[in-house]
Amino acid sequence: MSQPASEANPDTSKPETPDVVVQYVVLRRDLIDTWPLGSVVTQGCHASVSAIWSHKDDPHTLQYCSPESIDSMHKVTLEVKGEPQILNLSEKLKAGGIEHKLWIEQPENFPTCLATKPYPKSMVSSYFKKLKLFLLSHRVETCLPFWGCFAARVILASGLLPALHSLDIREGLTMAILPEMIFGDRVALIGERNHASGVACRYRATQLALSGERNRANGVACRFRATQLALIGERIRASGVACRYRAMQFALSGERNRATGRDSSS
């Protein structure tokens, strides 16, 4: 009686995928609007190192930092909206017995991020499944302040401002121009970058011109090669004429042989 393949050959069964050890880091999204990006990333580094060092003797931490795994660490960096959300997440992790470090930045004395100690992913992923990955979206200047400042400048240039008797309006227009002055400085920096890009483009054009010289040289070489091929063609045609001449010689030899055969028979 035949046995199932899995019972007959137990060694051929597909091995289970090992549960990867991972560390979760959660940052506050609202800090991006007021802090430099490097400072926000630094908060995550603080929390990550603190969580690992606080549990340096934990088996999962030892596995995570072992010589075999130290160059292939797995981290998942997520985001929450602000301080209430990160505090709620910390409480949720405490209730579930998940060891983590809630980093409190000083001297501000408020939470900026948290990091778990290393865990097998299957043990902690459910606590973070509703969170989004931390992505740095490009912050684009809104066009409304720009057009408001543009209108203020038009009013100032047209001389209509003295006709506005309200001091509040004049002060409001003055304050509206200040952000655009900063924006103008950014545009000037972008212009400098574009100028540098233009220099690079001209350098590239010079390189292409040199490449053009090489291409013209290659064209001369190609024409020389074509001449060589033409000469070879002439030789081939001459060989063809020689072949036809040789064939005619064979034909004449055949006629002579037949004539000789007739003479011999007579």
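Please refer to the structure placed before this passage.
Treat the numbers as computed from the prediction; the structure is a model and nothing was measured.

Visitor: I would appreciate a short explanation of the packing of aromatic side chains in the present structure.
Guide: Given two aromatic rings, one states the distance between the centres and the angle between the planes to describe the pair. According to the stated counting rule, one finds two aromatic pairs in the structure shown. Consider the rings of tyrosine 24 and phenylalanine 128, whose centres lie 4.3 Å apart with planes at 5°: the pair is stacked. Linking tyrosine 24 in strand β1 (residues 21-28) with phenylalanine 128 in the loop between α5 (121-124) and β6 (132-133), this pair joins segments that are 104 residues apart in sequence. Accessibility assignment for this pair places tyrosine 24 and phenylalanine 128 in one class, buried.

Visitor: Even after reading the chapter, I still don't get a nonpolar patch on the surface, so can you show me in this structure?
Guide: Taken together, the side chains of Leu37, Val41 and Leu136 define a hydrophobic patch exposed on the protein surface, amounting to about 240 Å² of accessible area. Mapped onto the elements of the fold, leucine 37 is located in helix α2 (residues 37-54).

Visitor: Sorry if this is basic, but what is going on with the nonpolar core here?
Guide: One recurring pattern in soluble globular proteins: nonpolar side chains tend to sit buried together. Core analysis: the largest hydrophobic core is formed by 26 residues, its most contacted members being Val26, Val40, Leu93, Leu114 and Phe128. Counting only elements with at least two residues in this core, the list comes to β1, α2, β2 (75-80), α4 (83-95) and β4 (110-116). The element that contributes the greatest number of residues to this core is β1, accounting for five residues. Here valine 40 is in contact with Leu27, Leu31, Ile32, Trp35 and Phe134, once residues within four sequence places are set aside.

Visitor: Looking at this model, I keep getting lost on the pairing of β1. Mind explaining?
Guide: β1 sits mainly inside the fold: eight of its eight residues count as buried. Burial of β1 is two-sided: the residues Val21, Gln23, Val25 and Leu27 facing one way and the residues Val22, Tyr24, Val26 and Arg28 facing the other way are all buried. As judged from the two bridges shared by β1 and strand β5 (residues 119-120), these two strands associate in the antiparallel manner. Note that in β5 the partner of valine 22 across the bridge is tyrosine 119.

Visitor: How should the pattern of salt bridges be read in this particular structure?
Guide: Oppositely charged side chains can form a pair if their charged atoms are brought close together. A complete count under the given rule lists five salt bridges for this structure. When the shortest N-O distance is used, the salt bridge between aspartate 30 and arginine 28 registers 2.8 Å. The residue arginine 29 makes a salt bridge to glutamate 79 at a minimum N-O spacing of 3.3 Å. Of this pair, arginine 29 sits in the loop between β1 and α2 while glutamate 79 is found in strand β2, placing the two residues 50 residues apart along the sequence. The exposure class of glutamate 79 is buried, given its relative accessible area of 17%. Through salt bridges with shared partners, one network takes in Arg28, Asp30 and Glu83.

So, how was this worked out
- Residues numbered from 1 in each chain as written.
- Predicted model: local features only at pLDDT ≥ 70, side-chain atom pairs only at ≥ 80, totals over all residues.
- Heavy atoms only, no water.
- Phe/Tyr/Trp six-rings, centres within 6.5 Å; stacked < 30°, edge-to-face > 60°.
- Helix = DSSP H or I, 4+ residues; strand = E, 2+ residues; numbered from the N terminus.
- Buried < 20%, exposed > 50% of the residue type's maximum accessible area, 1.4 Å probe, protein only.
- Patch = residues over 30% accessible without salt bridge, like charges linked within 9 Å, V, L, I, M, F, W, Y side chains within 5 Å.
- Areas by Shrake-Rupley, 256 points an atom, 1.4 Å probe, with all protein chains shown as cover.
- Salt bridge = Lys/Arg side-chain N within 4 Å of Asp/Glu carboxyl O.
- Core = buried A, V, L, I, M, F, W, Y, C linked by side-chain atoms within 4.5 Å.
- Contact = heavy atoms within 4.5 Å.
- Pairing = 2+ DSSP bridges.

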